[in-house]
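Below, each chain spelled out in residue letters.
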Amino acid sequence: MPYFFCPSPIGILTLTQQDDSIIRLDFPGVSMQGAPEPTPLLLEACRQLREYFAGQRRSFQLPLAPQGTPFQQQVWQALAEIPYGETRTYGEIAEAIGRKGASRAVGAANHRNPLPIFIPCHRVIGANGSLTGYAGGLETKRFLLALESGQPAQRI
């Protein structure tokens, strides 16, 4: 599968393509086998990420194909509907998908999101407003939320 390293303020992101879709965005620290292959789609995804980090893009126009269970897919679709600069709680996501009381399962699906940033799992917070865990680390989550709220976002 083609992959590409995309520099960002939060480190080098690894983008992976399968067929005509982006299937993964990995945070720094992921090692890949073989040489990167900058396909037109991967280059476009990196360009859109650069625009996002520069504050010039609020949504992505890319073919995404996250791999997961039907429940995970349902959660990820709900995450994709959270507007730029807004947050939701795990409980609100559970209610949005018709599974009130399933906030822990929503949290587990959120944690397995293979396309963070593109599918904005960083916009999900705890019921008390706290920043809960994030695959990219809490500093990355703070950075992304600050970026989207218009606050100064310090490069990590």
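A brief structural summary. Everything numeric in this text was worked out from a predicted model, so none of it was measured.

Let's talk about the overall build of the protein
Then comes step 1: Assigned secondary structure in the protein consists of five helices and five strands.
Then comes step 2: Along the chain direction, N to C, the helices and strands of the protein fall in the order β-β-β-α-α-β-α-α-β-α.
Then comes step 3: The C-alpha radius of gyration computed for the protein amounts to 15 Å, which stays within 12% of the reference 15 Å derived for 156 residues, consistent with globular compactness.
Then comes step 4: C-alpha atoms of the protein, sized along the principal axes, occupy 45 × 35 × 25 Å.
Then comes step 5: The proportion of buried residues among the 156 residues of the protein is 46%.
Then comes step 6: In the protein, once contacts between residues fewer than 6 apart in sequence are set aside, the share between residues at least 24 apart is 56%.
Then comes step 7: When the accessible surface of the protein is summed, it comes to about 8100 Å², and 50% of that surface belongs to carbon and sulfur atoms.
Then comes step 8: For the protein, the distance from the average position of its 14 positive side-chain charges to the average position of its 12 negative side-chain charges is 7 Å.

Notes on the sheet that holds strand 1 (residues 3–6)
Note: strands within a sheet are paired through backbone hydrogen bonds, in either parallel or antiparallel orientation.
Then comes step 1: Strand order in the open sheet formed by three strands is 1-2-3, with antiparallel pairing between adjacent strands. A strand with exactly one partner marks an edge of an open sheet, and here the two such strands are strand 1 and strand 3 (21–26). Direction aside, neighbouring strands of the sheet carry axes that sit 25° apart on average.
Then comes step 2: With five bridges connecting them, strand 2 (residues 13–18) and strand 3 associate as antiparallel partners. Residue threonine 16 lies in a different strand from strand 3, and its bridge partner there is arginine 24.

So, the packing of aromatic side chains
Then comes step 1: Using the criterion set out here, one finds seven aromatic pairs in the structure.
Then comes step 2: Plain terms: the ring middles of tyrosine 3 and phenylalanine 5 are 5.4 Å apart, the flat faces sit at 75° to each other, and that makes the pair edge-to-face.
Then comes step 3: Owing to a relative accessible area of 3%, tyrosine 3 belongs among the buried residues under this scheme.
Then comes step 4: For phenylalanine 5, a relative accessible area of 32% puts it in the partly exposed group.

Quick word on the nonpolar core
Then comes step 1: Of all hydrophobic cores here, the largest spans 41 residues; its most connected members are Leu49, Phe53, Ile117 and Phe118.
Then comes step 2: Of all the secondary structure elements, the ones that give two or more residues to this core are strand 1, strand 2, strand 3, helix 1 (40–53), helix 2 (70–80), helix 3 (90–96), helix 4 (103–111) and helix 5 (138–149).
Then comes step 3: The biggest single contributor to this core is helix 1, with seven residues.
Then comes step 4: For leucine 49, the contacting residues outside a window of four places in its chain are Cys6, Leu13, Leu15, Leu25, Phe60, Ile117 and Phe118.

Conventions used here
Residues numbered from 1 in each chain as written. Predicted model: local features only at pLDDT ≥ 70, side-chain atom pairs only at ≥ 80, totals over all residues. Heavy atoms only, no water. Helix = DSSP H or I, 4+ residues; strand = E, 2+ residues; numbered from the N terminus. Rg over C-alpha atoms; globule rule 2.2 N^0.38 Å. Buried < 20%, exposed > 50% of the residue type's maximum accessible area, 1.4 Å probe, protein only. Contact = heavy atoms within 4.5 Å. Areas by Shrake-Rupley, 256 points an atom, 1.4 Å probe, with all protein chains shown as cover. Lys, Arg positive; Asp, Glu negative; His and termini not counted. Charge placed at Lys NZ, Arg CZ, Asp CG, Glu CD. Pairing = 2+ DSSP bridges. Axes fitted to C-alpha atoms, helices over the stretch in contact; angles between N-to-C directions. Phe/Tyr/Trp six-rings, centres within 6.5 Å; stacked < 30°, edge-to-face > 60°. Core = buried A, V, L, I, M, F, W, Y, C linked by side-chain atoms within 4.5 Å.

Keep in mind that these numbers describe shape and distance, not what the molecule does.
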